[in-house]
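Next come the chains, spelled out residue by residue.
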Amino acid sequence: MTDGDIERLIAGIELPLNLEMAATDEMLGIALRHCPHAACIVPERRQERTTEGGLDVAGGRDRLAGFVDALAARGIRVSLFIEPEARQIEAAAAIGAPVVELHTGAYCGSGAADAPAQLARLEAAAADAAALGLECHAGHGIAFDTVGPIARIATLAELNIGHFLIGEAIFDGLDRAIRRMRELMDAARRGERASAPA
């Protein structure tokens, strides 16, 4: 994504723009220049194409606090993409991030034997975040067959699902993929168990 892409998105859409960014001076400059509605700070190294784990807020508090402060001072809502661990949630709250996004990759990639334990981690982390007054989101690896149990976690305010939906759009179109995902999320929130498409 280029600066021009960001400018076109801000000018062309009425929905809030959430910029996913690494904790680098270059990315901070881009965010401060464009002032999106929100910015989610994620772990990112030069060779990465996507995040594969959560940000270590507990180990990088001093460094990350400056990013949170600078973004918040410009009215940008900050979230931190973290593992579902109490120490990471506590560190996020301590540096003033109003939102955390729980990394759901371990649950979404788990087998039947490990899924209940991974889901329990997400549930506990979402409860910890709520107890500290943080808004809690979740994302990474969520698909039709994994969204239901995650969406049933009442303290989650938002699910971030992008890559899967774009992949599904190749086969069924983006509108249909989004509508199906939304149906599954809504059914889960109502306590129903809608079946995922074959």
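Everything numeric in this text was worked out from a predicted model, so none of it was measured. (Residues numbered from 1 in each chain as written. Predicted model: local features only at pLDDT ≥ 70, side-chain atom pairs only at ≥ 80, totals over all residues. Heavy atoms only, no water.)

1. Examining the confidence of the model for the protein
A low pLDDT score tells you not to read the predicted coordinates there in detail. Per-residue pLDDT for the protein averages 92, and the proportion of residues at 70 or more is 93%. When mean pLDDT is taken per element in the protein, helix α4 (residues 86–94) scores highest with 98 and helix α1 (residues 3–12) scores lowest with 87. (pLDDT = per-residue confidence, 0-100. Helix = DSSP H or I, 4+ residues; strand = E, 2+ residues; numbered from the N terminus.)

2. Some details on the packing of α1 against helix α2 (residues 25–34)
Axis separation between α1 and α2 bottoms out at 11 Å; the angle between their running directions is 30 degrees. In terms of orientation, α1 lies roughly parallel with respect to α2. At the point where α1 passes α2, the crossing takes the right-handed sense. Here Asp-3, Ile-6, Glu-7 and Ile-10 of α1 lie close against α2, whose contacting residues are Ile-30, Arg-33 and His-34. Split by residue class, the contact of α1 with α2 holds three nonpolar, one polar and three charged. (Axes fitted to C-alpha atoms, helices over the stretch in contact; angles between N-to-C directions. Parallel < 35°, antiparallel > 145°, perpendicular 65-115°, else oblique. Left-handed = near helix turned anticlockwise from the far one by under 90°. Contact = heavy atoms within 4.5 Å. Nonpolar A, V, L, I, M, F, W, Y, C, P; charged D, E, K, R; others polar.)

3. With respect to the sheet that holds strand β2 (residues 38–42)
Overall, parallel pairing links the six strands, which are arranged β1-β2-β3-β4-β5-β6 in an open sheet. Edge positions in the open sheet fall to β1 (18–22) and β6 (156–160), since each of these has one partner strand only. Across the sheet, the axes of successive neighbouring strands diverge by a mean angle of 25 degrees, strand direction being ignored. Across five bridges, the pairing between strand β4 (residues 99–103) and strand β5 (residues 135–139) is parallel. Paired with His-103 across the bridge in β5 is Gly-139. (Pairing = 2+ DSSP bridges.)

4. Observations regarding the packing of aromatic side chains
One pass over the full model with this rule turns up one aromatic pair. A ring pair is formed by Phe-144 and Phe-164, whose centres lie 4.8 Å apart and whose planes are at 85 degrees; its orientation type is edge-to-face. In this pair, Phe-144 is assigned in the loop between β5 and α7 (147–151) and Phe-164 in helix α8 (residues 163–172), connecting sequence segments 20 residues apart. You can call Phe-164 partly exposed: its relative accessible area is 21%. (Phe/Tyr/Trp six-rings, centres within 6.5 Å; stacked < 30°, edge-to-face > 60°. Buried < 20%, exposed > 50% of the residue type's maximum accessible area, 1.4 Å probe, protein only.)

5. A word on a nonpolar patch on the surface
Together, Ile-166, Leu-174 and Ile-178 line one region of the surface with nonpolar side chains, adding up to about 260 Å² of accessible area. Structurally, the position occupied by Ile-178 is in helix α9 (residues 174–189). (Patch = residues over 30% accessible without salt bridge, like charges linked within 9 Å, V, L, I, M, F, W, Y side chains within 5 Å. Areas by Shrake-Rupley, 256 points an atom, 1.4 Å probe, with all protein chains shown as cover. Salt bridge = Lys/Arg side-chain N within 4 Å of Asp/Glu carboxyl O.)

6. So, unusual backbone geometry
Phi is positive for Cys-35, close to 45 degrees, though the residue is something other than glycine. Looking at the secondary structure, you find Cys-35 in the loop between α2 and β2. Here His-140, not a glycine, exhibits a phi torsion of approximately 115 degrees, which is positive. Assessed through its relative accessible area of 22%, His-140 is described here as partly exposed.

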